[in-house]
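A closer look at the structure
Here's the letter readout for the chains.
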Amino acid sequence: MSLYDDAVLVLKSYEDQEELRQAYLDHLAAHPDGMWKACTAGHITASALVMDPEHGRVLLTLHKKLRMWLQMGGHCEPADATLEVAALREATEESGITGLNLLPGGPVRLDRHPIPPPCHCHFDVQYAVVAAPGAVQEISDESLDLRWFAYDEVAGVADESVVRLLEATRARL
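Everything numeric here is computed off the predicted structure, so don't read it as measured data.

1. Re the overall build of the chain
Of regular secondary structure, the chain possesses five helices and eight strands. Overall, the chain shows an N-to-C arrangement of helices and strands of α-α-β-β-β-β-α-β-β-β-β-α-α. Relative to the compact-globule value of 16 Å for 173 residues, the chain shows a C-alpha radius of gyration of 15 Å, a close match. Projected onto its principal axes, the C-alpha coordinates of the chain cover approximately 45 × 30 × 30 Å. The long-range fraction of contacts in the chain, counting pairs at least 24 apart against all pairs at least 6 apart in sequence, stands at 67%. Between the mean site of the 14 positive side-chain charges and the mean site of the 27 negative ones, the chain shows a separation of 3 Å.

Structure below.
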């Protein structure tokens, strides 16, 4: 099964945000290359919120290009077999933490947002991952900073999309 096929199946089985979910599916139907950065009409991305539920905190990255505190995530790559694999890869690469575990139940949220050219629009499929107790992060080249924030600090540093992702993830936990 291709990554495109996996994305369609994941989105068809996702039960929330019906209007936005349908927009993702319509986009993929209209753009067979809609999984890849080269699709200038917009493309699917995969992200993951790194959680430490034991200490009530999340790990956010200060994105180098956007200069915003965000969850880990980014573009799908040809080697990614599934959206879950892409999200887990991105979380591991950007956090430096190995052994992250995906929160069961598939995507936590969808978030479509404009991005500066050449990407224009990301159709982000958002997951959550849990870090093992005592996990130590390591900043990547894609970040200006990497920091743990208590749940109640997130609204003060991150935008509404990250706050919504945190709320949905906590509800699932």
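2. Focus on the side chain of D124
Residue placement: D124 occurs in strand β7 (residues 120–130). No salt bridge forms around the buried D124; measuring N to O, its nearest opposite-charge neighbour R109 is 9.0 Å away. A distance of 2.7 Å separates the side chain of D124 from the side chain of S47, its partner in a polar contact. Every residue in contact with D124, bar those within four places of it in the chain, is listed here: Y24, T45, A46, S47, Q71, R109, L110, D111 and H113.

3. Comments concerning the pairing of β7
A large share of β7 lies buried, amounting to nine of its 11 residues. Bridging between strand β1 (residues 43–52) and β7 involves nine bridges; their strand directions are parallel. Each bridged residue has a counterpart across the sheet, and for H43 the counterpart in β7 is H122. Where strand β5 (residues 101–102) meets β7, two bridges bridge the pair, whose relative direction is antiparallel.

4. Brief notes about the packing of helix α1 (residues 3–13) against helix α2 (residues 18–30)
Between α1 and α2, whose axes approach to 10 Å, the crossing angle comes to 155°. Relative to α2, the element α1 is oriented roughly antiparallel. Considering how the two elements wind past one another, α1 and α2 form a crossing that is left-handed. Along the contact surface, α1 presents Y4, A7, V8, L11 and K12, while α2 presents R21, Y24, L25, L28 and A29.

5. A look at α2
Its 13 residues place the ends of α2 18 Å apart at the C-alpha level, agreeing with the 18 Å of an ideal helix rising 1.5 Å per residue. Of all the positions in α2, only L20, R21, A23, Y24, L25, H27 and L28 are classed as buried. In this structure, the buried residues of α2 make contact with α1, β1, β6 (109–115) and β7.

6. Here we look at the nonpolar core
Of all hydrophobic cores here, the largest spans 34 residues; its most connected members are Y24, M35, I44, V50, L83, I97 and V125. For this core, the elements supplying multiple residues, two or more each, are α1, α2, β1, α3 (83–95), β7 and β8 (143–150). When sequence neighbours within four positions are dropped, the list of residues in contact with Y24 reads L11, I44, L110, D111, R112, F123, D124 and V125. If you look at the next biggest cluster of nonpolar residues, it comprises 18 residues, including L60, L103, V162 and L165.

Parameters at a glance
- Residues numbered from 1 in each chain as written.
- Predicted model: local features only at pLDDT ≥ 70, side-chain atom pairs only at ≥ 80, totals over all residues.
- Heavy atoms only, no water.
- Helix = DSSP H or I, 4+ residues; strand = E, 2+ residues; numbered from the N terminus.
- Rg over C-alpha atoms; globule rule 2.2 N^0.38 Å.
- Contact = heavy atoms within 4.5 Å.
- Lys, Arg positive; Asp, Glu negative; His and termini not counted.
- Charge placed at Lys NZ, Arg CZ, Asp CG, Glu CD.
- Buried < 20%, exposed > 50% of the residue type's maximum accessible area, 1.4 Å probe, protein only.
- Salt bridge = Lys/Arg side-chain N within 4 Å of Asp/Glu carboxyl O.
- Polar contact = N/O pair within 3.5 Å; in protein donor to acceptor, adjacent residues only side chain to side chain.
- Pairing = 2+ DSSP bridges.
- Axes fitted to C-alpha atoms, helices over the stretch in contact; angles between N-to-C directions.
- Parallel < 35°, antiparallel > 145°, perpendicular 65-115°, else oblique.
- Left-handed = near helix turned anticlockwise from the far one by under 90°.
- Expected span 1.5 Å × (residues − 1).
- Core = buried A, V, L, I, M, F, W, Y, C linked by side-chain atoms within 4.5 Å.

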